[in-house]
Amino acid sequence: MLFTLAFRNLWRNRRRTLLTLSAMVASAALLILALGVFSGMFRDMLASATEQYYGHLVLAKTEYHERRDMFAHLDEEVASRYITAEDTEIIGISPRLRSFGLISLAETSQPVELLGVIPEREKQVTSLQTKLIAGNYPSEAVNNGALIGQGLARKLKVSTGDEMVFVTQAADGSIGNDLLIITGIFATGDSRHDNNLVLAPLGWAQKIMVLPGRIHEVAMTLADPMLAALTADRLNPRLPDDVEILDWGDLLPEMREVIAAYDVSRMIIVSILYMATGLGILNTFFMSVMERTREFGILMAQGMRPWTIRGLVLLETCLLGGIALAIGLTCGAVMTLYMQQVGIDLAGYITPVTYAGGTILPRLHAVFEAGNFYVPAGMLLLVSLIAGFLPANRAARLDPVQAVREV
Amino acid sequence: MSLIELQDVSKIYRLGSQEIPALTGVSLTFEAGEFAVLAGPSGSGKTTALNLIGCLDHPTSGHVIVNGLDLGTASKKALADFRLQNIGFIFQSYNLIPVLTAAENAEFTLMLQKVPKPERRAKVRKLFVDLGIDGLENRRPADLSGGQQQRVAIARAMAADPHVILADEPTANLDSHTAEELLELMRRLNREQATTFIFSSHDDRVIAQARRVIHLQDGCLADDLTISK
Ligand SMILES: Nc1ncnc2c1ncn2[C@@H]1O[C@H](COP(=O)(O)OP(=O)(O)O)[C@@H](O)[C@H]1O
Ligand SMILES: [Mg+2]
């Protein structure tokens, strides 16, 4: 019956309750949307770094991680020795051979980073195949087909089908050089990759570097990038001493910090926004308690304990919080879903920004992340409880004699 | 042992530096089954006396002993629990919780006593019949007349089987006909069910119905008459 009483009390001043409720719903829903968009931004940033280049985990000799020493190479089957079908969180494995060299065409040459990859495997780790603006991704069929970035293509004034020469140092001390045919051009928005990166078949790279059957690293993709550090910790003990798996947080420490800071900033943003909402709730319930002074006096005269009175008012605020939460979460989820499916393209207004090793794309796009729901949800209930506590106390401390006298 | 004993009870209200003596040195006893009225003009201390008897307030000095217990220094919670088990209160008007139906209002004390729902329902249904308000169970207080509201308040007070029902000017807001009916009802409950009633009034016609009239004047006991009928 206390619940019934609390629920009916809520709707005594329908307009006031609805106003407070809508403020709570709006703050919860907008917060959820905003956090979803923030998460989307960070996801974009992280994805730009991992899905365009690193992967979530990279296995290589420690020496290679540290110095990119071209002689710190591994057997190209190395991954299959340490990673089994039971490591289900790993959903993509791509062996790579890396070579720094020059690409030239006629009298222009450009320094580039060439990754020798197995195209079908690399597609599981990076997603340059989705960033093509011309031609096709290299395939096994063309043994010297290359994928280059838009910036590089512009500088060299080349397009798909053109041939160019790659020159680099080979492992035997000689100078390796050979022809590449441009099969495709990608554009990621990140100038470092667009100006520098070249993807070529692994076999071709091994031949030019005179490193048959060898690779420098194995890039891996995980189902959940946030579990990268944990997975690396789990896998590393299996590896020989001179081989190590680094996660994206090790490779991009700034990105790790930015994302860790987000958890803190999320709390701060939520707190600030809810402070205002909390004051609204406080005001509503103070008014409602004051208006009901005599009624509380009568309840007390009947033998209702002060704590029960307090509980009644708290129940009312929590009920309001619960209703606001249910509606707010739904609205927030719907708006987030819209922003996830459709989003807003800002490409016409701003250009991509490179930050903390990743690229923030010129778009508003949301992702679903549990924390973006339970943090605002939990805080809203907490705020309702805190904002309810003062008026509840006020009601519980009323002197029944005075309260009953009030008309 | 008397049901209620007031021993040299005084109550002084403080308004800033001002001291308002509402009750001065009042000694009274009430026995179970009484039908007594506290009479006196407005401001004579009737409400104060009822609040003290009902353990809603502590006296400034003296003792109030109800059912053998002196709750002089008891906590608010202990007082509330004591009232719940022993005292029924009826006020002048607006006694009921507006968002609850008549039956829910009457059930309220039983709910606080944690009486199971079916038992609550049955008891209240019977009381409503006894008090002549059956059929009004699902009305909200706003849809009841003043007399009906007071009857629901009596039902609520009686539901918990208290030792005494205290009614502070229960008829003051009713027309004379309805007031008489309500008083008649209270008398009947007193006679048939031995419910102890102590009520206050400044209306001579109401006072004339009581079996014991306690006159208060400026917070002092002026007269205590038991009328044998
Ligand atoms: N809460 C209070 N604060 C100050 N004075 C009060 C308070 N309650 C009652 N009084 C004073 O005490 C006296 C007795 O009041 P009350 O018991 O209400 O009399 P009655 O019910 O007979 O009208 C009056 O003079 C009244 O002004
Ligand atoms: Mg009075």
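Residues numbered from 1 in each chain as written. Chains lettered and ligands numbered in written order. Predicted model: local features only at pLDDT ≥ 70, side-chain atom pairs only at ≥ 80, totals over all residues. Heavy atoms only, no water.

### A short note on the sheet that holds strand S7 (residues 164–168) of chain B
All names here are of chain B. Our working rule: Any two strands with at least two DSSP-identified bridges between them are counted as paired. Secondary structure elements follow DSSP: runs of H or I no shorter than four residues count as helices, runs of E no shorter than two count as strands, and numbering proceeds from the N terminus. Axis definition: a line fit to C-alpha positions, over the contact stretch in the case of helices; interaxial angles, taken between N-to-C directions, run 0 to 180 degrees.
Ordered by their spatial adjacency, six strands build an open sheet running S6-S7-S8-S3-S9-S10, and the pairing between neighbours is mixed. Looking at strand neighbours, the two that pair on one side only are strand S6 (87–90) and strand S10 (220–226), the edges of this open sheet. When strand polarity is set aside, the average angle formed by the axes of neighbouring strands in this sheet is 15°. For strand S3 (residues 35–39) and strand S9 (residues 212–217), the ladder comprises four bridges, and the chain directions are parallel.

### Describing helix H3 (residues 102–112) of chain B
This is how it is decided: In this scheme, a residue with accessible area under 20% of its type's maximum is buried, one over 50% is exposed, and one in between is partly exposed, where area comes from a 1.4 Å probe on protein chains only. Whether two residues are in contact is decided by their heavy atoms, any of which lying within 4.5 Å being enough.
Counting buried residues along H3 of chain B, 11 of its 11 residues qualify, which places the element largely inside the surrounding structure. Burial in H3 of chain B covers these residues: Ala102, Ala103, Glu104, Asn105, Ala106, Glu107, Phe108, Thr109, Leu110, Met111 and Leu112 of chain B. In the core, the buried residues of H3 of chain B are packed alongside helix H1 (2–10) and helix H12 (293–301) of chain A together with helix H2 (76–86), helix H4 (117–130) and helix H5 (146–159) of chain B. Lys114 of chain B lies just past H3 of chain B and shows a positive phi near 65°.

### Focus: empty space enclosed by the protein
All names here are of chain B. Quick reminder of the rule: Grid points spaced at 1 Å over the protein atoms alone were grouped into cavities, where a 1.4 Å probe fits but cannot get out, and pockets, open sets with protein on both sides within 12 Å along at least five of seven lines, with lining residues defined by an atom within 4 Å of a point. Grid points are joined across faces, edges and corners, and a volume is the space filled by probe spheres set on the points. Under the grouping applied here, Gly and all other residues not named as nonpolar or charged are polar, the nonpolar ones being Ala, Val, Leu, Ile, Met, Phe, Trp, Tyr, Cys and Pro and the charged ones Asp, Glu, Lys and Arg.
On inspection of all chains with the given rule, the structure shows two cavities of 30 Å³ or more. As a volume, the largest cavity reaches approximately 60 Å³. As for the largest cavity, its lining consists of Leu52, Cys55, Asp57, His58, Pro59, Val64, Asp70, Leu71, Gly72 and Leu79. By residue class, the composition of the lining of the largest cavity is six nonpolar, two polar and two charged. Each pocket or cavity is described by its volume, and for the second largest cavity that value is around 30 Å³.

### Section: the site of ligand 1
This is how it is decided: Whether a residue is near a molecule or strand is decided by its heavy atoms; if any one of them lies within 4 Å of it, the residue is near. Nitrogen and oxygen atoms within 3.5 Å of one another constitute a polar contact, given that in protein one can donate a hydrogen and the other can accept it, and given that sequence-neighbouring residues count only through two side-chain atoms. Only the protein chains shown count as cover for residues, with accessible areas throughout obtained via the Shrake-Rupley method and a probe of 1.4 Å. A pocket or cavity is taken to hold a molecule when more than half of that molecule's atoms are within 2 Å of the pocket's grid points.
The immediate surroundings of ligand 1 are formed by 14 residues, with Arg405 of chain A together with Gly43, Lys46, Thr47 and Thr48 of chain B found nearest. In this structure, ligand 1 sits where chains A and B come together, each supplying nearby residues. The separation between an oxygen atom of ligand 1 and a polar side-chain atom of Lys46 of chain B is 2.9 Å. At 2.5 Å from an oxygen atom of ligand 1 is found a side-chain nitrogen or oxygen belonging to Thr48 of chain B. In the complex, the protein chains occlude 78% of the 550 Å² of accessible area that ligand 1 would expose alone. Its atoms largely coinciding with the cavity grid, ligand 1 occupies the largest pocket.

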